[in-house]
Amino acid sequence: MPTTIDNLLADLAPGPLTVRAQTVSPNDDGRLLWDTFFPRKDVDSVDLDDVYAIDFRPASDRREWNARGRHIPVKTPALRRVSIVPIEGYARIAEKEMQKLGERADGNRETLLRLIGARIPDRVKAIALANFRRLELDAFEAWTKGTVTQRNPQNASQTYVASLSIDSARIQTAGTAWNDAGVDAWDLFLGWLRDGQAAIGGMKGVMLRQATLNAIRADAPTNGAGDAYSLAELQTKIQDELNSAFQFYENERTVDLFTDGGDTTASAKVFPAQRIVAIPADNVVGDGCFAPVVRVDDLDGTNENSGIQPGDIDPRMNRVYREVGGAGRNAAYEVQMNGLCVPTEQKVWSISVGV
């Protein structure tokens, strides 16, 4: 029969901790938006081969009697190759912390396990949520810029920017900042919206930052009394211009981003500054791709636990691994997820406006 100590040890094994990590809300109970625009799609490999949908809409011609009509050629789609690199955070039970916990337990192993057990599950769940925040940051960068920036966790100044190979005509840069006195941000915005309707089809609105919205409103028309229209009134005017639903969605949400290889953080906006993106009518911009997480530990039985059934763990979500280091002085609990939000090119319409 398993003893109390056996059960406590089992609860701290990677399998049960993975089950706990996977109870975390992927959108942090509504605080994150990635899954609104990039619904989950399970993939079998971290190497994605994505076939572009071709924006090719040919029209036939009329012909003379007894003659051939227009030849409609077959367009071969381009192939986009994208590779998912892991998202991972970890927590460590260091030697000194273990020493202090041991002193509190006064040599009682069961008490020590209970003290550790009160700490590790919460840390694991916090890391799982941090992984989803990274996914959120990358989702909006991919959507607005067509890139994903990979940072060295040990040195945040070392970065690698990976392109998702989205047509540059869909990710534009204004020639002059929209808050410049020589341009009319309202007229430029309406022109960009009309082009967006042709590029992505129906749209429900745009996402942008407050400063960008202020620049557009500063050049917007006024009512008969010379007073500025309310935001709701401006949205109605745009709906009339586009003959479709429209709303401004401001995004000023933040996360705490690490600024170096240590523990220093700074508040960072999730949505990039100076950018505007059109939101498709169905909200769907692309796929939230998730590949299985596989390590050697999964092959040699290190993470097996008799209380965990195959269906208890989602192989494509956050998974927990334990690594003992320093000749047994410390242990790191790592939480890994292989996820990436990949925009569909035909759903991207973005511009950087300099404000």
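Coordinates for the structure precede this section.
This is a predicted model, so every value here is computed, not measured.

**Points about unusual backbone geometry**
At Asp29, a residue that is not glycine, the phi angle is positive and equals roughly 55°. Structurally, Asp29 can be placed in the loop between helix H2 (14-21) and helix H3 (34-37). Positive phi is not limited to glycine here, since Ser165 has a value of about 60°. The residue Ser165 is located in the loop between strand E6 (155-163) and strand E7 (171-173) in this model.

**Quick look at the packing of helix H7 (residues 185-200) against helix H9 (residues 231-242)**
Remark: H7 packs on H9, axes separated minimally by 11 Å, with the N-to-C direction vectors making an angle of 45°. As summarised for this structure, H7 and H9 are arranged oblique, according to the angle between their axes. Seen along the crossing, H7 lies across H9 with a hand that is right-handed. For the pair formed by H7 and H9, the contact residues are Trp186, Phe189, Leu190, Leu193, Arg194 and Gln197 on the first element and Leu234, Ile238, Glu241 and Leu242 on the second. Residue composition of the contact of H7 with H9, by class: seven nonpolar, one polar and two charged.

**Describing the layout of surface pockets**
Reported here for the largest pocket is a volume of approximately 1400 Å³. What lines the largest pocket is a set of 42 residues, and nearest its centre among them are Glu88, Gly89, Arg134, Pro153 and Phe258. No other element matches the eight residues that helix H6 (residues 120-145) contributes to the lining of the largest pocket. Grouping the amino acids of the lining of the largest pocket by side-chain chemistry returns 21 nonpolar, 12 polar and nine charged.

**Focus: the pattern of salt bridges**
Counted according to the given criterion, the structure contains 12 salt bridges. Measuring nitrogen to oxygen at the nearest pair gives 3.3 Å for the salt bridge that ties Asp28 to Arg31. According to the relative accessible area criterion, Asp28 is buried, its value standing at 10%. When the shortest N-O distance is used, the salt bridge between Arg316 and Asp44 registers 2.9 Å. In this pair, Arg316 is assigned in the loop between helix H10 (296-300) and strand E14 (319-325) and Asp44 in the loop between strand E1 (40-42) and strand E2 (47-51), connecting sequence segments 272 residues apart. Here Asp44 falls in the exposed class, since its relative accessible area comes to 69%. The network of salt bridges with common partners includes Arg40, Asp42 and Asp314.

**Things to note about the packing of H2 against H6**
Two elements in contact, H2 and H6, have axes whose closest approach is 9 Å; the angle formed by their N-to-C orientations is 50°. Taken together, H2 and H6 sit at an angle that is classed as oblique. Of the two possible hands of crossing, H2 and H6 adopt the one that is right-handed. Contact residues: H2 offers Leu17, Arg20 and Ala21, while H6 offers Ile120, Pro121, Val124, Lys125 and Ala128.

What counts, and where the lines are drawn
Residues numbered from 1 in each chain as written. Predicted model: local features only at pLDDT ≥ 70, side-chain atom pairs only at ≥ 80, totals over all residues. Heavy atoms only, no water. Helix = DSSP H or I, 4+ residues; strand = E, 2+ residues; numbered from the N terminus. Axes fitted to C-alpha atoms, helices over the stretch in contact; angles between N-to-C directions. Parallel < 35°, antiparallel > 145°, perpendicular 65-115°, else oblique. Left-handed = near helix turned anticlockwise from the far one by under 90°. Contact = heavy atoms within 4.5 Å. Nonpolar A, V, L, I, M, F, W, Y, C, P; charged D, E, K, R; others polar. 1 Å grid on protein atoms, 1.4 Å probe; cavity = no way out; pocket = protein on both sides within 12 Å on 5 of 7 lines; lining within 4 Å. Points joined across faces, edges and corners; volume = space filled by probe spheres on them. Salt bridge = Lys/Arg side-chain N within 4 Å of Asp/Glu carboxyl O. Buried < 20%, exposed > 50% of the residue type's maximum accessible area, 1.4 Å probe, protein only.

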